[in-house]
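Fold and geometry: a report
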Amino acid sequence: IHNHHPFTITIETNIMSIPTYKTILYATDMGKHMRPVFRHAISLAEKYQAHIIMLHVAEPLGTTGMAALELYMPDQMDNFRKDDLKSLLSTMKKRLEAFNTEELGKDSELVSSVAVVSGHPAEEIAKFAAAKDVDMIVVGTHTNDSLSSLFLGSTARKLIHVCDRPVLVVPWKK
């Protein structure tokens, strides 16, 4: 309170903006430990009366895999690239939808959509989050003891650096 003049009182207030979460992006590698991470997204969505968008990013095959295909199936490379990628993305989307139904039941409206895209995970998750204007992203740290566990850990780290949205990283515990 400042008293600038005997008859004028000015009250200064700092109004702090409390974030709201209406759209939560649950990004998964669809590994065996996706269930506990999804349950964190569910808990947040229920608490904030938000909806969840489920996302899986299918990684590119890479130069070694493409070289092997080129060597063993040179005549089918162009068709493989287009048709098999579409088929893979469709299959992964069906798996995510089935997982959602298994976890929440077929009548739940908590998950508003399921998407599968291809590319480098951290960058694609950040792009998707911006395009859908999500309020928060939920990811896991890793899913198993193989090399992919190191990758998902690095995906979470990269995501934190490239994304302008809050990211909840749920650790997997043995």
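These notes cover the structure that comes with them. (Residues numbered from 1 in each chain as written. Predicted model: local features only at pLDDT ≥ 70, side-chain atom pairs only at ≥ 80, totals over all residues. Heavy atoms only, no water.)

The next point concerns the sheet that holds strand β5 (residues 111-118). Sheet architecture is open: five strands sit in the order β5-β4-β3-β6-β7, paired in parallel fashion. In this open sheet, the two edge strands, each paired with only one partner strand, are β5 and β7 (167-170). If you compare each strand with its neighbour and ignore which way they point, the axes differ by 20° on average. On top of the sheet, helix α4 (residues 121-132) reaches β3 (23-28), β4 (51-58), β5 and β6 (136-140); it is set at about 150° to β4, its chief contact. (Pairing = 2+ DSSP bridges. Helix = DSSP H or I, 4+ residues; strand = E, 2+ residues; numbered from the N terminus. Axes fitted to C-alpha atoms, helices over the stretch in contact; angles between N-to-C directions. Contact = heavy atoms within 4.5 Å.)

On to unusual backbone geometry. Excluding glycine, residues mostly have negative phi values, and the peptide bonds linking residues are mostly trans. Of note, the phi angle at Gln49 is positive, near 55°, even though the residue is not glycine. As for its position among the elements, Gln49 is in the loop between α1 (34-48) and β4.

Turning our attention to α4. In this model α4 runs 16 Å from its N-terminal to its C-terminal C-alpha over 12 residues, within 8% of the 16 Å that 1.5 Å per residue would give. Within α4, burial applies to Pro121, Ala122, Glu124, Ile125, Ala126, Phe128 and Ala129. Just downstream of α4 lies Asp133, where phi reads positive at about 50°. (Expected span 1.5 Å × (residues − 1). Buried < 20%, exposed > 50% of the residue type's maximum accessible area, 1.4 Å probe, protein only.)

Before going further, it helps to examine the environment of Ile24. Note on placement: Ile24 falls in strand β3. By relative accessible area, Ile24 is classed as buried at 0%. Sequence separation between Ile24 and Asp133 is 109 residues, and the spatial gap between their C-alpha atoms is 9.5 Å.

Scanning the entire structure with this criterion turns up six salt bridges. With its nearest N and O atoms 2.3 Å apart, the salt bridge here joins Glu103 to Arg35. Of this pair, Glu103 sits in helix α3 (residues 77-104) while Arg35 sits in helix α1; the two residues are 68 residues apart in sequence, bridging distant segments of the chain. Arg35 gets classed as partly exposed once you look at its relative accessible area, which sits at 26%. Taking the shortest distance from any N to any O, the salt bridge between Arg165 and Asp133 comes out at 2.9 Å. Linking Arg165 in the loop between α5 (147-162) and β7 with Asp133 in the loop between α4 and β6, this pair joins segments that are 32 residues apart in sequence. (Salt bridge = Lys/Arg side-chain N within 4 Å of Asp/Glu carboxyl O.)

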